[in-house]
Amino acid sequence: MTDLSWNVLEIDCEAEANDISAKLREIVSKMLRKRGLVVAISGGIDSSVCAALAVKAIGNERVLGLILPEKDSSDESATKARALADFLGIPTLTVDIAPTLDAIGCYGWRDQAVRRAVPDLDAGAGLFAFSLGGAGHSVLGVESNRQAVADGIASARLNRVGE
């Protein structure tokens, strides 16, 4: 067994980026027989790296950045995504997916899950929730009423789910 040390984090970033780009280029052109890639971008680190690797692999003229705002995403996310696209020189398409998510029940399921995790949540209160630590682990529910929002006050509860 090898001892775990900080050296495990030492990688040649340029060599790894080249290897990933070469494999991505091969997959797109030879396996999928496509000329380009569509990359959903949020402006966060994961999608930024994916978009940058796609550009490195096949060129910015063959990559489309897809920005998918919805009810719970911040305006800052779309702004960062556009800044990333500008930096990489890729075109973007913005599609508001809130109506689709609403139509298939995603927001209702989210609200139900939070109410199950936080049973005493005021049904009339504003509700915002997101998962922490992956599916089925934790949910953070934040509730507030209009006066509390006006006062800048909200209460939060962290509950374990599935225990």
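In this text the structure is predicted, and so the values were computed from the model without any measurement. Starting afresh in each chain, residues are numbered from 1 along the sequence in its written order. In keeping with the model being predicted, local features are shown solely for residues with a pLDDT of at least 70 and side-chain atom pairs are shown and tallied solely at 80 or more, while totals for entire chains, interfaces and linings include all residues. Side-chain calculation: all heavy atoms of the structure are included, whereas hydrogens and water are not.

### Some words on the overall build of the chain
The condition that has to hold: A helix here means a DSSP run of H or I that spans at least four residues, while a strand means a run of E at least two residues long, and both kinds are numbered starting from the N terminus. Note on classification: 1.4 Å probe, protein chains only; a residue is buried when its accessible area is under 20% of the maximum for its type, exposed when over 50%, partly exposed between these limits. Note on contacts: a residue pair qualifies if any of its non-hydrogen atoms lie within 4.5 Å across the two residues. All accessible areas in this document rest on Shrake-Rupley with a 1.4 Å probe, and a residue is counted as covered only by the protein chains that are shown.
A count of helices and strands for the chain gives six helices and six strands. Beginning at the N terminus, the succession of helices and strands in the chain can be written as α-β-α-β-α-β-α-α-β-β-α-β. By the burial criterion, 26% of the 163 residues in the chain qualify as buried. Of the contacts formed within the chain by residues at least 6 apart in sequence, a portion of 55% connects residues at least 24 apart. Here the chain has roughly 11,200 Å² of accessible surface; of this, 57% comes from carbon and sulfur atoms.

### A few points about the sheet that holds strand β3 (residues 92-94)
This is how it is decided: Pairing between two strands requires that DSSP report at least two bridges joining them. An axis is simply a line fitted to the C-alpha atoms; with a helix, the fit covers only the stretch in contact. Between two such axes, the angle follows the N-to-C directions and lies from 0 to 180 degrees.
One open sheet accounts for three strands, arranged β1-β2-β3; its pairing is parallel. At either end of the open sheet lies a strand with only one pairing partner, and these are β1 (37-40) and β3. For this sheet the average axis-to-axis angle between neighbouring strands, irrespective of direction, equals 25 degrees. Where β1 and strand β2 (residues 63-67) come together, four bridges link them in parallel fashion. By the bridge assignment, Val-38 is partnered in β2 with Leu-64. Taken strand by strand, helix α2 (residues 45-58) contacts β1 and β2, and its axis lies near 165 degrees from that of β1.

### Some details on the confidence of the model for the chain
Selection criterion: Each residue carries a pLDDT score, the predictor's confidence in it, ranging from 0 to 100.
For the chain, the average pLDDT comes to 79, and 72% of its residues sit at 70 or higher. Across residues 123-163, where pLDDT falls below 50, the model places 65 contacts with residues more than four positions away in sequence or in other chains.

### Looking at the nonpolar core
Which entries qualify depends on this criterion: Remark: nonpolar core denotes a set of buried residues (Ala, Val, Leu, Ile, Met, Phe, Trp, Tyr, Cys) joined through side-chain atoms within 4.5 Å.
With 17 residues, the main nonpolar core has Val-39, Ile-41, Ala-51, Val-63, Leu-88 and Ile-90 as its most contacted residues. Elements with a minimum of two residues in this core: β1, α2, β2 and α3 (75-88). If we skip the residues at most four places from it in the chain, Ala-51 touches Val-39, Ile-41, Leu-84 and Leu-88.

### Examining the side chain of Ser-21
Residue position: Ser-21 is located in helix α1 (residues 13-31). The contacts of Ser-21, once residues within four sequence positions are left out, are Leu-53, Lys-56 and Ala-57.

### Brief notes about the pairing of β2
Formally: Orienting the strands away from the viewer, one traces the path from the first strand over the helix to the second; a clockwise path indicates a right-handed crossover.
With respect to burial, β2 is a largely interior element, four of its five residues being buried. What joins β1 to β2 is α2, and the crossover it makes is right-handed. Bridge count between β2 and β3: three bridges; the pairing is parallel. For Ile-67, the partnering residue across the bridge sits in β3 and is Thr-94. With respect to chirality, the unit in which β2 leads through α3 into the neighbouring parallel β3 is right-handed.

### Focus on the pattern of salt bridges
Stated precisely, the cut-off is as follows: Within this document, salt bridges are pairs made up of a side-chain nitrogen of Lys or Arg and a carboxyl oxygen of Asp or Glu, the two lying within 4 Å of each other.
One pass over the full model with this rule turns up four salt bridges. Put simply, Arg-110 and Asp-72 hold a salt bridge, and the shortest N to O gap is 2.4 Å. One end of the pair, Arg-110, is in helix α5 (residues 106-117); the other, Asp-72, is in the loop between β2 and α3, and 38 residues separate them in sequence. In this structure, Lys-80 engages Glu-76 in a salt bridge whose closest nitrogen and oxygen atoms are separated by 3.4 Å.

### A look at α2
Spelled out, the test is: Residue count minus one, scaled by 1.5 Å, sets the expected span of a helix.
The first and last C-alpha atoms of α2 sit 20 Å apart over 14 residues, in line with the 20 Å expected at 1.5 Å per residue. Among the residues making up α2, those that are buried are Ser-47, Ser-48, Ala-51, Leu-53, Ala-54, Val-55, Ala-57 and Ile-58. Buried residues in α2 make contact with α1, β1, β2 and α3. Looking one or two residues past α2, Gly-59 carries a phi angle of roughly 95 degrees, positive in sign.

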